[in-house]
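Coordinates in review
Residue-level listing of the chains:
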Amino acid sequence: MNTTRLIRRPQVEQLTGLSRSCIYARMSRNEFPKAISIGGRLVAWDEEEIQQWISERIQESKQNNEAA
């Protein structure tokens, strides 16, 4: 059974702490997971991709702190 969950932008903002404009700017630079069209002008993100992105930022931060 597929348990993929799509989340909307307010949830993405809450999870990441990023603003709407920052999310879209990072998406345009391929630095953030792409939104998925769910019909019309509605978009959402794969929650697992967002959680993975957050985990990667945490790992990078830890590595940078250890190197300093």
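Everything discussed here concerns the structure shown above.
The following refers to the structure shown. Sequence positions are assigned chain by chain, starting from 1 and proceeding in written order. Given that the model is predicted, a residue must reach a pLDDT of at least 70 before its local features are reported, and side-chain atom pairs must reach 80 or more before they are shown or counted; all residues, however, enter totals for whole chains, interfaces and linings. By convention in this description, side-chain values take in all heavy atoms of the structure and omit both hydrogens and water.

Turning our eyes to something else, we now look at the packing of aromatic side chains. Any Phe, Tyr or Trp ring, taking Trp's six-membered ring, that has another such ring centre within 6.5 Å forms a pair; planes under 30 degrees apart are called stacked, those over 60 apart edge-to-face, and the others tilted. In this structure the tally under the stated criterion is 2 aromatic pairs. Ring geometry for Tyr24 versus Trp45: centroids 6.2 Å apart, planes at 65°, classification edge-to-face. Of this pair, Tyr24 sits in helix 2 (residues 20-28) while Trp45 is found in strand 3 (residues 42-46), placing the two residues 21 residues apart along the sequence. Ring geometry for Phe32 against Trp53: centres 4.8 Å apart, planes inclined by 70°, an arrangement best described as edge-to-face. Linking Phe32 in the loop between helix 2 and strand 2 (36-39) with Trp53 in helix 3 (residues 47-67), this pair joins segments that are 21 residues apart in sequence. Exposure is judged per residue with a 1.4 Å probe applied to protein chains only, and the accessible area is read against the type maximum: over 50% gives exposed, under 20% gives buried, and values in between give partly exposed. Judged by its relative accessible area of 4%, Phe32 is buried. Numbered from the N terminus, helices here are DSSP runs of H or I no shorter than four residues, and strands are runs of E no shorter than two.

For the rest of this paragraph, the subject is the environment of Ala35. Mapped onto the secondary structure, Ala35 falls in the loop between helix 2 and strand 2. Exposure remark for Ala35: the relative accessible area of 26% places this residue in the partly exposed category. As a C-alpha pair, Ala35 and Lys62 span 27 residues in sequence and 27 Å in three-dimensional space. Here, residues are in contact when the closest pair of their heavy atoms is within 4.5 Å. With near-sequence residues (within four places) excluded, Ala35 lies in contact with Met27, Val43, Ala44 and Trp45.

Our focus in this paragraph is the pattern of salt bridges. Pairs may arise between side chains of opposite charge once their charged atoms sit close together. Within this document, salt bridges are pairs made up of a side-chain nitrogen of Lys or Arg and a carboxyl oxygen of Asp or Glu, the two lying within 4 Å of each other. Scanning the model with the defined rule gives 5 salt bridges in all. Between Arg5 and Glu47 there is a salt bridge; the shortest N-O distance is 3.3 Å. Taken together, the residues span a long stretch of sequence, with Arg5 in the segment before strand 1 (6-7) and Glu47 in helix 3 at a distance of 42 residues. By relative accessible area, Arg5 is classed as partly exposed at 43%. Under the relative-accessibility criterion, Glu47 is labelled partly exposed at 21%. In this structure, Arg9 and Glu13 form a salt bridge, with 2.5 Å as the shortest nitrogen-oxygen distance. Placement of both Arg9 and Glu13 in helix 1 (residues 9-16) is noted, with a separation of 4 residues, approximately one turn of the helix.

Mapped onto the secondary structure, Asn2 falls in the segment before strand 1. Taking relative accessible area as the criterion, Asn2 reaches 62% and is therefore assigned exposed. In this structure the C-alpha to C-alpha distance between Asn2 and Ile54, which are 52 residues apart in sequence, comes to 22 Å.

Read these as geometric descriptors, not functional statements.
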